[in-house]
Amino acid sequence: MNTRKTRWALSVLVAILVVPGAVSAAAGITGESATPPPVSAPALEDYGLEVKSGEDLYRPDPALPDLSRFTREAVESRLASRPDQAPNVTVERIGDVSALGDFVDEGRAREWVIRQFSHPQAILVNSGKVTLEDVYRQVDDARYMERMENGAYIVRLPLVVRHGATLVIRDQTLRLSEERGAFFANDGWLFAIDSKILGWREQANGPATFRKKTDFRPFFVGWGGSETFILGTTMANLGYHQSKSYGFAIAQYSEFDNEILKRSAPHAWLVESTFEDLYYGFYCYEAEDVAIVNNVYRDNIVYGIDPHDYSEGLIIAGNEVYGTREKHGIIISRQVNNSWIIGNRSYNNGLSGIVLDRQSRNNVVANNVSYDNQGDGIGLYESPDNLLWGNRLMNNLRNGIRVRNSTNVDLYHNVAVLNGTWGIYGQLKDLSATDRNFKEDFYDYEVSMTVVGGELASNASGPISSDNPEYIALYNVGMRFPRSEAGIHFEGVLGHFQMQIFDALLNKDRAVLIKPSGVVAGKVTQVEN
């Protein structure tokens, strides 16, 4: 697996050689340090405006991944390719099981001792192609696993699919006992098809609904080298505030453990399934080639979909994400690169509909609909070199699109209407007073963007605003139906050139490029938002 430094070096090289205008952004990475960047930007009087042909800003439709391969037939084909070997299932102490290491280190074993009333044990699917019925028969102990009158299975120990083994859950219900500390760890191959996997509160004979973040609830984790296929399945009432225990997680082993295990990045397909009342609806760490396609994420606690740290090649497509209680519907954070967020609907979430965060680069966010969120429709935080194409952002409490401390951002053919502040807002924000780790989560105090096509209509503060940018280019942007009595108006740098912008865009069908004419630092003017 590539190291983080190798990935970082490659992203710099790609940015410099391939991405137009990305040199300054790449240079910001090379200046990565444990201290925040200086809070300075070009002064207003340093800017000039160039009128140019709109053809100079042309770019073709983005190449999008083929979603037709994520089908029921494709999942069944993967299952059929697994060898038909005899099932082998045992109940053993958990001490030397790699898939359980994170849950017995640093005092966490106490949780299982208390809940199991003994030295912690787990149900281990050791080898073969195994069904839940196979597991039940080989465990053969109602203290650990029971089949209920309605045919559902309840597990009262951690359930582990070991490396090389395959577990198939088809047309069944699996309940994970909250009181007994059950959870589900995949270190091999898992196929959950047309089933239910639920956290279960035995005392109430009902689902383990969320109470507070520190209260244990069962969870699922797929480890490095694992393959997880979730198809037509409901996963609900899982996860709490502990590492890798968030609800549904796909994670690489720690660097120390993987020096021994030598596992590749974990993979997963989540297709046509429902994820409800999970602490995090989806979380991943150092995952690759994960597909999250045509699912429903509803009423999850902190995030709906949250790919994290150093994951790549993800496809998040065709999902409906709503009712997230605390934060964002969809967020990718900390160098989640070269991925696609396409054709999703994200609405009624506690903060923003879609967010790219902490140096997530070279991603395509296209054809999404984000509305009625309590933050922005789409937010880019400290994440340069991204493309937003053909998205619709409506009636969000804050901005349609926010671009914060991010450079070389292309905004093409997006529609932002009826949002609570700006249609598009370019923001410079000083993060020095936060608890941010500036070595790991470095950023540049710069913003730059190209805005082409689309419509910015009837947003409360106006169509578009930006703190003093490295550059801003505009062409063929619709700005009708202002909500202000003053009509369409700009502030800051754009306000300084308002008449020239209107003349070029509306009267001459030309593009404008606004940028500093010289390298002169001055105190930035920020719009409060």
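See the structure shown above.
Residues numbered from 1 in each chain as written. Predicted model: local features only at pLDDT ≥ 70, side-chain atom pairs only at ≥ 80, totals over all residues. Heavy atoms only, no water.

Caption draft 1: Expanded view of helix H5 (residues 132-139). Turning to H5, its buried residues number three or more, namely Leu132, Glu133, Val135 and Val139. Along the long axis of H5, the arc covered by the buried residues comes to 160°, so they all point the same way. (Buried < 20%, exposed > 50% of the residue type's maximum accessible area, 1.4 Å probe, protein only. Helix = DSSP H or I, 4+ residues; strand = E, 2+ residues; numbered from the N terminus. Arc of directions from axis to C-beta.)

Caption draft 2: Expanded view of the pairing of strand S37 (residues 409-412). Side chains Val409 and Leu411 project from S37 onto one buried face, and the interleaved Asp410 and Tyr412 project onto a second face that is buried too. Where strand S34 (residues 387-389) meets S37, three bridges bridge the pair, whose relative direction is parallel. Residue pairing for S37: Leu388 is matched across the bridge by Leu411. When S37 meets strand S40 (residues 448-452), the two strands line up parallel, connected through four bridges. Following the sheet pairing, Tyr412 is matched in S40 by Val452. (Pairing = 2+ DSSP bridges.)

Caption draft 3: Structural context of the side chain of Asn295. Assignment of secondary structure puts Asn295 in the loop between strand S22 (291-293) and strand S23 (296-298). Within the structure, the side chain of Asn295 is placed 3.4 Å from the backbone nitrogen of Val271, a separation counted as a polar contact. When residues no more than four places from it in sequence are discounted, the contact partners of Asn295 are Leu270, Val271, Glu272, Ser273, Phe275, Gly318, Asn319 and Glu320. (Polar contact = N/O pair within 3.5 Å; in protein donor to acceptor, adjacent residues only side chain to side chain. Contact = heavy atoms within 4.5 Å.)

Caption draft 4: Quick peek at the packing of aromatic side chains. All chains considered together, the criterion is met by 30 aromatic pairs. Judged by centre distance (4.9 Å) and plane angle (80°), the ring pair of Phe70 and Trp269 falls under edge-to-face. Within this pair, whereas Phe70 is found in the loop between strand S2 (47-52) and helix H3 (72-80), its partner Trp269 is found in strand S19 (residues 267-271), the two being separated by 199 residues in sequence. Linked through ring pairs, Phe103, Phe183, Phe216, Phe219, Trp223, Tyr240 and Tyr253 together constitute an aromatic cluster. (Phe/Tyr/Trp six-rings, centres within 6.5 Å; stacked < 30°, edge-to-face > 60°.)

Caption draft 5: Looking closely at the pairing of strand S24 (residues 303-308). Counting buried residues along S24, six of its six residues qualify, which places the element largely inside the surrounding structure. Looking at chain direction, strand S21 (residues 280-285) and S24 are connected through five bridges and run parallel. Across the sheet, residue Tyr285 finds its bridge partner in S24, namely His308.

Caption draft 6: Representation of the nonpolar core within the structure. Val135, Phe184, Phe248, Phe282 and Ile464 are the most contacted members of the largest nonpolar core, which totals 84 residues. When near neighbours in sequence (up to four residues on either side) are disregarded, Ile464 contacts Trp422, Ile424, Val451, Leu456, Ile472, Leu474, Met479, Phe490 and Leu494. Core analysis: the second largest hydrophobic core is formed by 31 residues, Val97, Leu124, Phe183 and Phe210 among them. (Core = buried A, V, L, I, M, F, W, Y, C linked by side-chain atoms within 4.5 Å.)

Caption draft 7: Summary view of helix H8 (residues 498-507). All buried positions along H8 are accounted for by Gln498, Ile501, Phe502, Ala504 and Leu505. Tucked inside the fold, the buried residues of H8 contact S2, strand S43 (471-475), helix H7 (492-496) and strand S44 (511-516). One or two residues past the end of H8 sits Asp509, with phi positive at roughly 50°.

Caption draft 8: Looking closely at the environment of Ser177. Along the chain, the position of Ser177 falls in strand S10 (residues 173-177). It is 6.1 Å that separates the C-alpha atoms of Ser177 and Val155, two residues lying 22 residues apart in sequence. With near-sequence residues (within four places) excluded, Ser177 lies in contact with Ile154, Val155, Arg156, Ala182, Trp200, Glu202 and Pro218. Only 2.7 Å separates the side chain of Ser177 from the side chain of Glu202, close enough to count as a polar contact.

Caption draft 9: Here's a closer look at unusual backbone geometry. Residues other than glycine seldom take positive phi values, yet Glu286 does so here, at roughly 55°. Within the fold, Glu286 resides in the loop between S21 and S22. Classification of Glu286 by relative accessible area gives buried; the value is 6%. Phi at Asn408 is positive, roughly 55°, even though this residue is not glycine. You can see Asn408 is positioned in the loop between strand S36 (401-404) and S37.

Treat this as a map of the structure, not an account of what it does.
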